[in-house]
Amino acid sequence: MAELNEHPFIFPLSNPTSKAECTAEQAFSWSQGRCIFCSGSPFGPVHLGNQTFYPGQGNNAYIFPGVGLGAIAAEAEQVTDEMFTAAAHKLASMVTDEDLANGTIYPSLTRIREVSVEIACGVANMVFDLGLTRLSKPDDVRALVLENVYDPAYSSHAAARL
């Protein structure tokens, strides 16, 4: 693949890791670090020369939470293909040059809440644009989405009772 493509896409998506078509180390090594790699199973960082690559996983950790949050916030009457397309476009727009330089095609998981909110905003806007809700579109869709974000923190009072 690396002989035919400057940046070959290598997506060994089989699970579990022991069934993957190749390892991240093999993919980066065989392509001299030029591949775009995404797997179905987790792989650790790959050190090749003086560069470190951080293999990403192609799973639903990004799209589904954002679609769900956007649909709930906008009170969508249905979930459509257009909403998933909006989510995919929003996710793609959040990939940085640094992410790509590190060999990943998704934003860092350390940004998952931020990414989910942005995807939810794109989905909610699509819901309003398609008329799939009885709500009127608010002036600030982002504020509507943020009102619906779950915060998994306990108050000190609740934590004391546990």
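Residues numbered from 1 in each chain as written. Predicted model: local features only at pLDDT ≥ 70, side-chain atom pairs only at ≥ 80, totals over all residues. Heavy atoms only, no water.

**Student:** How would you explain helix α2 (residues 63-73) if you had to name every residue and give the values?
**Tutor:** Looking at α2, one finds that the buried residues are Ile63, Gly66, Val67, Leu69, Gly70, Ala71 and Ala73. Where α2 is buried, its residues touch α3 (81-93), α5 (112-130) and α6 (141-147). Glu75 lies just past α2 and shows a positive phi near 55°. (Buried < 20%, exposed > 50% of the residue type's maximum accessible area, 1.4 Å probe, protein only. Helix = DSSP H or I, 4+ residues; strand = E, 2+ residues; numbered from the N terminus. Contact = heavy atoms within 4.5 Å.)

**Student:** Residue-level account of the nonpolar core, with values.
**Tutor:** For soluble globular proteins, the rule of thumb is that nonpolar side chains tend to be buried together. Membership of the largest hydrophobic core comes to 24 residues, with the highest contact counts inside it found for Ile119, Val123 and Val145. Of all the secondary structure elements, the ones that give two or more residues to this core are α2, α3, α5 and α6. Considering each element in turn, this core owes the most residues, nine residues, to α5. Beyond its immediate sequence surroundings of up to four residues, Ile119 is in contact with Tyr62, Ile63, Gly66, Val67, Ala87, Lys90 and Leu91. (Core = buried A, V, L, I, M, F, W, Y, C linked by side-chain atoms within 4.5 Å.)

**Student:** Any chance you could break down the layout of surface pockets for me, citing the residues and the numbers?
**Tutor:** Of the pockets and cavities examined, the largest pocket occupies roughly 350 Å³. Considering the residues around the largest pocket, the lining is formed by 20 residues, among which Pro55, Gly56, Thr104, Ser108 and Leu109 are closest to the centre. Mapped by element, the contributors of at least two residues to the lining of the largest pocket are β5 (56-57) and α4 (97-101). Around the second largest pocket, the lining residues are Pro65, Gly68, Leu69, Ile72, Ile112, Arg113, Ser116, Val117, Asn148, Val149 and Tyr150. At the level of elements, α2 and α5 are the ones that each hand at least two residues to the lining of the second largest pocket. Its residues placed into classes, the lining of the second largest pocket shows seven nonpolar, three polar and one charged. (1 Å grid on protein atoms, 1.4 Å probe; cavity = no way out; pocket = protein on both sides within 12 Å on 5 of 7 lines; lining within 4 Å. Points joined across faces, edges and corners; volume = space filled by probe spheres on them. Nonpolar A, V, L, I, M, F, W, Y, C, P; charged D, E, K, R; others polar.)

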